Amino acid sequence: MCTDVGDCSRGCAFYSVVGFLFTGWVGLMISTQPFFMTGIDDPDEAKNSAFGAMGMFLFTLIASLVGMFYDAQKKGEELAAEPAEGYQLNQDDVPAYGTTYE
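The notes below deal with the structure included here.

About the cut-offs
Residues numbered from 1 in each chain as written. Predicted model: local features only at pLDDT ≥ 70, side-chain atom pairs only at ≥ 80, totals over all residues. Heavy atoms only, no water. Helix = DSSP H or I, 4+ residues; strand = E, 2+ residues; numbered from the N terminus. Buried < 20%, exposed > 50% of the residue type's maximum accessible area, 1.4 Å probe, protein only. Contact = heavy atoms within 4.5 Å. Areas by Shrake-Rupley, 256 points an atom, 1.4 Å probe, with all protein chains shown as cover. Expected span 1.5 Å × (residues − 1). Patch = residues over 30% accessible without salt bridge, like charges linked within 9 Å, V, L, I, M, F, W, Y side chains within 5 Å. Salt bridge = Lys/Arg side-chain N within 4 Å of Asp/Glu carboxyl O. Lys, Arg positive; Asp, Glu negative; His and termini not counted. Charge placed at Lys NZ, Arg CZ, Asp CG, Glu CD. Phe/Tyr/Trp six-rings, centres within 6.5 Å; stacked < 30°, edge-to-face > 60°.

**Quick word on the overall build of the protein chain**
So, step 1. Secondary structure assignment for the protein chain yields 2 helices and 0 strands.
So, step 2. A total of 102 residues make up the protein chain; the buried ones form 20% of that total.
So, step 3. Residue pairs in contact within the protein chain that sit at least 24 positions apart in sequence constitute 65% of those at least 6 positions apart.
So, step 4. Carbon and sulfur atoms make up 63% of the accessible area of the protein chain, which totals about 8,300 Å².

Dropping the structure here:
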């Protein structure tokens with residue numbers, strides 16, 4: 001799955017977006033309706049933990065975006081460095097389909 005920085009960054013970015021949304025939802029639920037979340041002794045501590053995890057997912061998302069940008073720049077430089085020699089249409093033995101030169 002992670003063959004280069006770009007592939008790994010795309011996977012981490014997807015995971016980070018999902019984690020960011022989920023922990024944001026949990027933090028919102030704890031802060032607005034803590035009675036629906038059973039088993040939480042201290043709602044303020046749980047809310048701070050959820051929003052702290054949300055911040056870590058945001059950091060991971062930003063790092064992933066930087067990795068994707070870096071990989072795109074690196075691959076762009078590799079493509080620009082390839083010579084254009086030998087890249088032409090074949091002009092030998094081309095059939096005359098559809099031509100009106102008869």
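Now that the structure has been shown, we can carry on.
**Let's talk about the environment of serine 9**
So, step 1. If you trace the backbone, serine 9 turns up in helix H1 (residues 5-32).
So, step 2. Judged by its relative accessible area of 8%, serine 9 falls in the buried class.
So, step 3. Once the C-alpha coordinates of serine 9 and leucine 61 are considered, the two residues, 52 residues apart in sequence, prove to be 8.6 Å apart.

**So, H1**
So, step 1. Relative to the 40 Å expected for 28 residues at 1.5 Å per residue, H1 spans 39 Å between its end C-alpha atoms, a close match to the ideal helical length.
So, step 2. Within H1, the full set of buried residues consists of Gly6, Ser9, Ala13, Ser16, Gly19, Thr23, Gly24, Val26, Gly27, Met29 and Ile30.

**A look at a negative patch on the surface**
So, step 1. On the surface, Asp41, Asp42, Asp44 and Glu45 cluster together to form a negatively charged patch.
So, step 2. Owing to a relative accessible area of 79%, aspartate 41 belongs among the exposed residues under this scheme.

**Some thoughts on the packing of aromatic side chains**
So, step 1. With the rule as written, the count across this model stands at 2 aromatic pairs.
So, step 2. Aromatic pair phenylalanine 35 and phenylalanine 36: ring centres 4.6 Å apart, planes at 50°, arrangement tilted. By the burial criterion, phenylalanine 35 is exposed, and phenylalanine 36 matches it.

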